[in-house]
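Secondary and tertiary structure notes
Now for the letters of each chain:
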Amino acid sequence: MDVTLKCSVLLILLGLVVNAYSITDLEHCENVVKKWALTSLDHEIKEDKHTLKDLLFFLHVPRTGGRTYFHCFIKKLYSNSLECPRSYDKLRFDPSKEKCRLLVTHDDYSITSKLPRDRTSVVTILRNPVDRVCSTYEFSVEVAARFLVHPNLTSATQMTGSLRAKTKGVSTLDIWPWKYLVPWMREDLFARRDARKARGTYDVKSSDPYNMKDIAMPLLDYINDPIAHEIVHNGATFQIAGLTNNSYLPESHEVRHCVEKYKNLGQYVLQIAKKRLDNMLYVGLTEEHRESATMFANVVGAQVISQLVESNAIGEGSDDDKSEQGTSFSDSELDNNDHQNPSDEKENETASSSDDNEVKQEKMTVGKLMETYEVCISSLRKTQSRRRIASLKRISPANFTKEARLQVPQMVLQRIRSLNNLDLELYEYAQVIFEQHKQAAEKLFDTETLGSMFFYSGGIKLWDVCLWAMPFVLLFIFFLFVNAKRTTLKLKI
């Protein structure tokens, strides 16, 4: 047989084998994803989603502003003793613990398999996926830049390990997803700094901080890297579906792998994520900051206050478990304790402690909660700004601002959109839910306002004031009438 013919036959046979394998692999992935989806739906609780249950689980999607809610809302309501004791990597607490009322973490939805589902309410905040990806990149660079105070990567790694072993505090490097993203970016920053030194290049000029390859990994390279594909892209959908690489589900890796390989299977994951948003007590939007905060205070805060007042728990145990206070929140914006300004940290903790004591000593109301929130968020933003500026000075002239982000090329933004198609659709769905919740809250507010319009918040009855003022109002109207009558008579004469 001719050699060419033999090769052709072998190639055809090989193609048939590969094709058969592909079909089998697709069918296998379909079965894996569908089985997970059906199991996930079976576990959904179909009770009144508008009522706060015993345990509040704040599912914190990174870079959505969750730290603000934690420090300026939740910490004003729940004392440390009511937080569920846990580590950052795996949950270690007894769900039957009576005082375990709050869980705030970057853990994905799969953690609810460890929680009493029938006694747990879930809340979350979502953000426009393009902004969330950009912010994730910025924060990865910002935190990694703090390590550049060290002469080399080895020194930075050894010193960090030594300090973390001596302190009980929690570093950003302990928290998902930053425990993956920051070391990756840290290694990259050191490599680029070493390359600049080797070339003798010290003066770098560029007007685009998202494409300064001599200093930091360009945004385009970042979003195309396998690590970003594994952790960042469609991160909100996978987190709410319970399928991150930090999941408690043994099948999560295989499901995620199948969805990455066969994009159409992502619709099963998306539908589960949407269903879970439907069943949440509250869904906020980063872009609708003011309205989201007001809704959180009225929908979640009001019910927390009611529950804790009934159990006389507000302010109780504020001095308990102080060692847990520093490790009670898996927050994307927590700073690495190894590389921050101690005076700034102390100042921030003092202000936060003062705020907490001030609120807990008074009778909490939704109004007071919002007032405290406004003061707290202002202080928090100033502290974050100082730390951000200090970090970015180490990679000057790189400086991430809102104005600079507007200069990111459309090609890069479109690439982000294509890589986050599930998150884009989930975000649009969250916008619909948010609008529905907003309208429902407005109707409730109007009804309550109508029912209480004759009362001051201090308890003075406006109706009594009206009755007291009525004679003066009638006298004034009578005076106007008499005066008008006289004017008419003068005109006739």
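Residues numbered from 1 in each chain as written. Predicted model: local features only at pLDDT ≥ 70, side-chain atom pairs only at ≥ 80, totals over all residues. Heavy atoms only, no water.

Tracing the chain through its elements places Lys 275 in helix H10 (residues 266–278). Here Lys 275 falls in the partly exposed class, since its relative accessible area comes to 31%. The sequence separation of Lys 275 and Ile 240 amounts to 35 residues, and the corresponding C-alpha distance is 9.8 Å. (Helix = DSSP H or I, 4+ residues; strand = E, 2+ residues; numbered from the N terminus. Buried < 20%, exposed > 50% of the residue type's maximum accessible area, 1.4 Å probe, protein only.)

Another aspect to go through is the nonpolar core. By size, the foremost hydrophobic cluster in this structure holds 59 residues, and its most contacted members are Phe 73, Ile 74, Tyr 78, Leu 126 and Leu 277. In terms of residues, this core owes the most to one element, helix H11 (residues 289–310), which gives 8 residues. Leaving out residues up to four positions away in the same chain, Leu 126 has contacts with Val 61, Thr 64, Ala 236, Ile 240, Leu 277, Gly 284, Leu 285, Thr 286, Glu 287, Leu 426, Tyr 427 and Ala 430. Ranked by size, the runner-up nonpolar core spans 44 residues in total, among them Tyr 210, Met 217, Ile 223 and Ala 398. (Core = buried A, V, L, I, M, F, W, Y, C linked by side-chain atoms within 4.5 Å. Contact = heavy atoms within 4.5 Å.)

If the charged atoms of two oppositely charged side chains come close together, the side chains can form a pair. On inspection of all chains with the given rule, the structure shows 16 salt bridges. The salt bridge involving Glu 83 is made with Lys 75; its shortest N-O contact spans 3.2 Å. For Asp 214, the salt bridge identified is with Arg 199, shortest N-O distance 3.4 Å. With a gap of 15 residues between them, Asp 214 in the loop between helix H5 (178–199) and helix H6 (219–224) and Arg 199 in helix H5 connect regions that are remote in the sequence. (Salt bridge = Lys/Arg side-chain N within 4 Å of Asp/Glu carboxyl O.)

Moving on, we get to the packing of aromatic side chains. With the rule as written, the count across this model stands at 13 aromatic pairs. Geometrically, the ring pair formed by Tyr 69 and Tyr 282 is tilted, given 6.5 Å between the ring centres and 40° between the ring planes. Note that Tyr 69 is positioned in helix H2 (residues 66–77) and Tyr 282 in strand E4 (residues 282–285), a separation of 213 residues in sequence. Aromatic pair Tyr 137 and Tyr 222: ring centres 5.1 Å apart, planes at 70°, arrangement edge-to-face. Highlighted residues: Tyr 137 in helix H3 (residues 129–145) and Tyr 222 in helix H6, separated in sequence by 85 residues. Taken together, Phe 58, Tyr 69, Phe 73, Tyr 282, Phe 296 and Tyr 373 form an aromatic cluster joined through their ring pairs. (Phe/Tyr/Trp six-rings, centres within 6.5 Å; stacked < 30°, edge-to-face > 60°.)

A few words on the environment of Arg 186. Tracing the chain through its elements places Arg 186 in helix H5. By relative accessible area, Arg 186 is classed as buried at 9%. As a C-alpha pair, Arg 186 and Ala 144 span 42 residues in sequence and 4.5 Å in three-dimensional space. Excluding anything up to four places from it in sequence, Arg 186 contacts Ala 144, Phe 147, Leu 153, Thr 157, Thr 160 and Leu 173.

Moving on, we come to the state of the cysteines. Between two cysteines, a covalent bond joining their sulfur atoms is known as a disulfide. According to the stated counting rule, one finds 3 disulfides in the structure shown. Residue Cys 29 pairs covalently with Cys 258 via a disulfide, S to S 2.2 Å. Between Cys 29 and Cys 258, the disulfide has an S-S torsion of -70° and is therefore left-handed. Linking Cys 29 in helix H1 (residues 3–42) with Cys 258 in helix H9 (residues 252–261), this pair joins segments that are 229 residues apart in sequence. (Disulfide = S-S within 2.5 Å.)

As summarised here, the arrangement of the 4 strands in space is E2-E1-E3-E4, forming an open sheet in which the pairing is parallel. Two strands bound the open sheet, and with one partner strand each, they are strand E2 (102–105) and E4. Taken pair by pair, the neighbouring strands of this sheet meet at an average axis angle of 15°, ignoring direction. Relative to strand E3 (residues 120–126), strand E1 (residues 55–59) is paired through 5 bridges, and the arrangement is parallel. Bridge pairing in E3 links Phe 57 to Val 122. Along the sheet, H11 contacts E1, E3 and E4; its crossing angle with E4, the most-contacted strand, is approximately 160°. (Pairing = 2+ DSSP bridges. Axes fitted to C-alpha atoms, helices over the stretch in contact; angles between N-to-C directions.)

Moving on, we come to the pairing of E1. Across the 5 residues that make up E1, a large majority, 5, are buried. Alternating positions in E1 separate into two faces, Leu 55, Phe 57 and Leu 59 on one and Leu 56 and Phe 58 on the other, with burial throughout. For E1 and E2, the ladder comprises 4 bridges, and the chain directions are parallel. Residue pairing in the sheet places Leu 56 in a bridge with Leu 102 of E2.

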